[in-house]
Amino acid sequence: FNQEFLVKMMERLDWSAFVAAAKTLKKDDLPGTKEEVDTSSEDQMKLIHHCLMELNVVTGNLVCTETGRKFPIQAGIPNMLLVQDEL
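K.L.:
Would you take a moment to explain the sheet that holds strand 2 (residues 70–74) for this structure?
P.N.:
Sheet strands pair via backbone hydrogen bonds, and the direction of the pair is either parallel or antiparallel. As summarised here, the arrangement of the 3 strands in space is 1-2-3, forming an open sheet in which the pairing is antiparallel. Each end of this open sheet is capped by a strand with a single partner; those strands are strand 1 (60–63) and strand 3 (77–78). The sheet contact formed by strand 2 and strand 3 spans 2 bridges and is antiparallel. Considered in strand 3, the bridge of Ile 73 is made with Pro 78.

And the structure:
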């Protein structure tokens, strides 16, 4: 894992969305805010790396936070096509 890369990525993350997504995958031990992250803690940085780079959703849904629309995921591939009445 590359700690410098993770620190740069964390600057761009919507942390609350990241933590919420991780919780849906049963990863409840992430810090609640970016400010709580100890970038000098190798264990904490490895956990963030694992959640950000190694977790994959095989079957499920992506849910739009603005509209609530669900996009199905099958075999790890999200179908984000809109049906005709949504255009």
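K.L.:
Help me understand the pattern of salt bridges, please; the structure alone is not making it clear to me.
P.N.:
A side chain of one charge can pair with a side chain of the opposite charge if their charged atoms are brought near each other. Here the structure, examined in full by the defined rule, presents 1 salt bridge. Put simply, Lys 46 and Glu 42 hold a salt bridge, and the shortest N to O gap is 3.0 Å. Highlighted residues: Lys 46 and Glu 42, both in helix 3 (residues 42–54), separated by 4 residues, approximately one helical turn. Classification of Lys 46 by relative accessible area gives partly exposed; the value is 40%.

K.L.:
What am I meant to see in unusual backbone geometry here?
P.N.:
Excluding glycine, residues mostly carry a negative phi; peptide bonds, for their part, are mostly trans. In the Ramachandran plot, Lys 26 falls in the positive-phi region, its phi being about 65° despite a non-glycine side chain. The phi angle at Ala 75 is positive, at roughly 55°, despite the residue not being glycine. Within the secondary structure, Ala 75 sits in the loop between strand 2 and strand 3. For Ala 75, a relative accessible area of 66% gives the class exposed.

K.L.:
Help me understand the environment of Phe 71 in this model?
P.N.:
Locating Phe 71 in the fold gives a position in strand 2. In this structure the C-alpha to C-alpha distance between Phe 71 and Ser 16, which are 55 residues apart in sequence, comes to 20 Å. Contacts of Phe 71, omitting those with residues within four sequence positions, involve Gly 60, Asn 61, Leu 62, Cys 64, Asn 79, Met 80 and Leu 82.

K.L.:
Can you walk me through the side chain of Arg 69 in this structure?
P.N.:
Note on placement: Arg 69 falls in the loop between strand 1 and strand 2. At 3.4 Å, the side chain of Arg 69 and the backbone oxygen of Leu 81 are in polar contact.

K.L.:
When you look at the pairing of strand 2 in this model, what are you seeing that I'm missing?
P.N.:
Each regular strand shows side chains that alternate between the opposite faces of the sheet. Burial of strand 2 is one-sided: the residues Phe 71 and Ile 73 facing one way are buried, the residues Lys 70, Pro 72 and Gln 74 facing the other way are not. Pairing of strand 1 with strand 2 involves 4 bridges; the strand directions are antiparallel. Considered in strand 2, the bridge of Val 63 is made with Lys 70. The turn linking strand 1 back onto strand 2 is made up of 6 residues, and Gly 68 within it adopts a positive phi angle of 80°.

Rules used in this analysis
Residues numbered from 1 in each chain as written. Predicted model: local features only at pLDDT ≥ 70, side-chain atom pairs only at ≥ 80, totals over all residues. Heavy atoms only, no water. Pairing = 2+ DSSP bridges. Helix = DSSP H or I, 4+ residues; strand = E, 2+ residues; numbered from the N terminus. Salt bridge = Lys/Arg side-chain N within 4 Å of Asp/Glu carboxyl O. Buried < 20%, exposed > 50% of the residue type's maximum accessible area, 1.4 Å probe, protein only. Contact = heavy atoms within 4.5 Å. Polar contact = N/O pair within 3.5 Å; in protein donor to acceptor, adjacent residues only side chain to side chain.

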